[in-house]
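What the coordinates show
Single-letter residue listing:
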Amino acid sequence: MATKTQAVSVARSTGANTHLWLGLVLTPGLGPTRGRKLAEHCGGIEKVFQASLTELEAAGLRAHSAQSIATGKSQELAQEELVRVATAGAQIVSLDDAEYPPLLKQIYDPPLVLYVRGEVGVLAQPGIAIVGTRHPTPYGIGMAERLACDLAARSLIILSGMARGIDSCAHRGAIHAKGKTVAIFGTGIDVIYPRENKRIADSILSLGGALVSEFPMGAFAAPQNFPIRNRIISGMSLGVLVVEAGEYSGTRITARNALEQGRELFAVPGNVTNKNSWGPNTLIKQGAKLTATWEDVWEELPAEVKARMAPAEGAEAAAPNLFGETDSLSPQEKKVLALIKKDEATHIDELVEKLEPEVSSSELFAVLFELELNGRIKQLPGKNFVKSF
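Since the structure is predicted, the reported quantities are computational estimates derived from the model, not experimental observations.

1. What about the nonpolar core?
By size, the foremost hydrophobic cluster in this structure holds 65 residues, and its most contacted members are Leu24, Ile69, Tyr115, Leu123 and Val182. If you look at the next biggest cluster of nonpolar residues, it comprises 30 residues, including Ile130, Leu151, Ala170 and Leu301.

2. Focus on the sheet that holds strand E11 (residues 377–380)
With antiparallel pairing, three strands are arranged side by side in an open sheet as E10-E12-E11. The open sheet has two edge strands, strand E10 (346–347) and E11, and neither has a second partner. Across two bridges, E10 lies against strand E12 (residues 384–387) in antiparallel orientation. Counted as the bridge partner of Thr346 is Phe385 from E12.

3. Concerning the environment of Gly239
With respect to the helices and strands, Gly239 occurs in strand E7 (residues 239–243). Sequence-wise, Gly239 and Ile128 are 111 residues apart; in three dimensions their C-alpha atoms are separated by 5.3 Å. Not counting residues up to four positions away in its chain, the partners in contact with Gly239 are Gly127, Ile128, Ala129, Arg263, Glu264 and Phe266.

4. A closer look at unusual backbone geometry
Note that the residue after Tyr193, namely Pro194, is joined by a cis bond; omega there is -5°. The topology assignment puts Pro194 in the loop between strand E5 (181–184) and helix H11 (198–206). With an omega of 0°, the peptide bond running from Glu356 to Pro357 counts as cis. As for its placement among the helices and strands, Pro357 is situated in the loop between helix H19 (348–355) and helix H20 (361–373). The backbone phi angle of Lys178 is positive, close to 60°, even though this residue is not glycine. Along the chain, Lys178 falls in the loop between helix H10 (166–176) and E5.

5. Brief notes about the pairing of strand E4 (residues 157–160)
Residues of E4 alternate between two faces, with Ile157 and Leu159 on one and Ile158 and Ser160 on the opposite face, all of them buried. As defined by bridge partners, strand E3 (residues 127–132) adjoins E4 across three bridges and the pair is classed as parallel. Note on E4: the bridge partner recorded for Ala129 is Leu159. Handedness of the E3-helix H9 (residues 138–153)-E4 crossover: right-handed.

6. Looking at the packing of aromatic side chains
As enumerated under the stated definition, the model contains one aromatic pair in all. Positioned above the aromatic ring of Phe226 is the side chain of Arg134, whose terminal nitrogen or guanidinium carbon lies 5.9 Å from the ring centre. One residue, Lys306, lies across the ring of Trp298, its end atom 4.5 Å from the ring centre.

7. Focus: the pattern of salt bridges
All chains considered together, the criterion is met by 14 salt bridges. Here Glu145 and Lys378 are joined by a salt bridge, their closest N and O atoms 1.8 Å apart. With Glu145 in helix H9 and Lys378 in strand E11, the pair connects residues that are 233 residues apart, well separated along the chain. For Glu145, a relative accessible area of 15% puts it in the buried group. Where Lys198 meets Asp202, a salt bridge forms, and the shortest distance between an N and an O atom there is 3.1 Å. Placement of both Lys198 and Asp202 in helix H11 is noted, with a separation of four residues, approximately one turn of the helix. By relative accessible area, Lys198 is classed as partly exposed at 47%. The class for Asp202 is partly exposed, based on a relative accessible area of 38%. Look at the salt bridges and you will find they share partners, linking Asp109, Glu214 and Arg231 into a network.

8. Remarks on the packing of H19 against H20
Contact geometry for H19 and H20: axes closest at 10 Å, N-to-C directions at 125°. Judged by the inter-axis angle, H19 sits oblique to H20. Crossing angle aside, the handedness with which H19 passes H20 is right-handed. Residues Ile348, Leu351, Val352 and Leu355 of H19 touch H20, and the partners they reach there are Ser361, Leu364, Phe365 and Leu368. Residue composition of the contact of H19 with H20, by class: seven nonpolar, one polar and no charged.

9. Re the state of the cysteines
Under the counting rule described, the total for this entry stands at zero disulfides. Left unpaired, Cys149 is separated from the closest cysteine sulfur, that of Cys169, by 13 Å.

10. With respect to H9
Given a rise of 1.5 Å per residue, 16 residues ought to cover 22 Å, and the 22 Å separating the end C-alpha atoms of H9 matches this to within 8%. Burial analysis of H9 places 15 of its 16 residues in the buried class, the great majority of the element.

11. A few points about the pairing of E5
Burial along E5 is two-sided: Thr181 and Ala183 facing one way and Val182 and Ile184 facing the other are all buried. Relative to E5, E4 is paired through three bridges, and the arrangement is parallel. By the bridge assignment for E5, Leu159 is matched with Val182. Chirality of the crossover, the property in question, places the unit of E4, H10 and E5 among those that are right-handed. One crossover worth recording links E5 to the parallel strand E6 (residues 210–213) by way of H11, and it is right-handed.

Here is what the cut-offs are and how they apply
Residues numbered from 1 in each chain as written. Predicted model: local features only at pLDDT ≥ 70, side-chain atom pairs only at ≥ 80, totals over all residues. Heavy atoms only, no water. Core = buried A, V, L, I, M, F, W, Y, C linked by side-chain atoms within 4.5 Å. Buried < 20%, exposed > 50% of the residue type's maximum accessible area, 1.4 Å probe, protein only. Pairing = 2+ DSSP bridges. Helix = DSSP H or I, 4+ residues; strand = E, 2+ residues; numbered from the N terminus. Contact = heavy atoms within 4.5 Å. Right-handed = clockwise from strand over helix to strand, strands pointing away. Phe/Tyr/Trp six-rings, centres within 6.5 Å; stacked < 30°, edge-to-face > 60°. Lys NZ or Arg CZ within 6 Å of the ring centre and 35° of its normal. Salt bridge = Lys/Arg side-chain N within 4 Å of Asp/Glu carboxyl O. Axes fitted to C-alpha atoms, helices over the stretch in contact; angles between N-to-C directions. Parallel < 35°, antiparallel > 145°, perpendicular 65-115°, else oblique. Left-handed = near helix turned anticlockwise from the far one by under 90°. Nonpolar A, V, L, I, M, F, W, Y, C, P; charged D, E, K, R; others polar. Disulfide = S-S within 2.5 Å. Expected span 1.5 Å × (residues − 1).

And the structure:
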């Protein structure tokens, strides 16, 4: 088990004042903006913890916040938290550390500390956020994975919130390209949410990505946390790409944050009769860049970022073909593939009915398995199939 000595070592690995910033974060009644302004008012984070109770109250702190700092309670909480951080194999990056994401530091209310698991260095690399609904259509799933794969293959970091739906698709697309992706949690860094995404989290770490949160260790999935964390997703990114979002989707918050933070806004157009298309189609009408391929994103990137973009080794070969070339397929595979759509799920019963008697049920199962294994199709819940993008 980690000791307090180990905890301090973790703090020093990122910055000498990390434990002080963490103490400020854990002080009751202080948010990021108020905490940062307090440090500025006192002339530095060290001066905050050297100030007397009277001086802290004179700076505008509430009594319980001032007492927590003046009595040393905040620093005690920080040391206890650092033990939990060390035990989880994570680390803390504070606002004045060199590793703190430079783009995030520019927003109005940057987190005072970030809890990080994985490679801290990826936080400062150029990235694009991909966000959207938790209930995507097959079209949305395919576009999110396709775009994330293509962008990650060109060395851009893919950022998202690892929620169900489009977020998870974005991470999977980057993983497919063997690229780097960063998941920003709405929970503590040690709480995988949703639980079924543990495999995605493990893959992110194994490929040199990172898991990030501003919430304390053990923080559960409180509904109010997710809108708060959305400013980090947009703040760390060069731009935000929206793939399917309903009229009242939380994705609107991320899009609004992107505009307020001066980030580029991209949107994948959708079928106007589908409720999930309301968000991206409305954003396009309001000036977001219509996005169909990775080139649409690339065109808007700063020149210095374009110069550094290059395909990841082996990523191009691993990516599925958007136009579905069929030269290498057997006649039966071609027949089955021709009946499966990209933007609409096809149930296995429909395939059986349309292919009878040319293809038997046993042959169909074998063909479907082979097509899925080769990345030509994907199986959705309920024995539904869609063509891969």
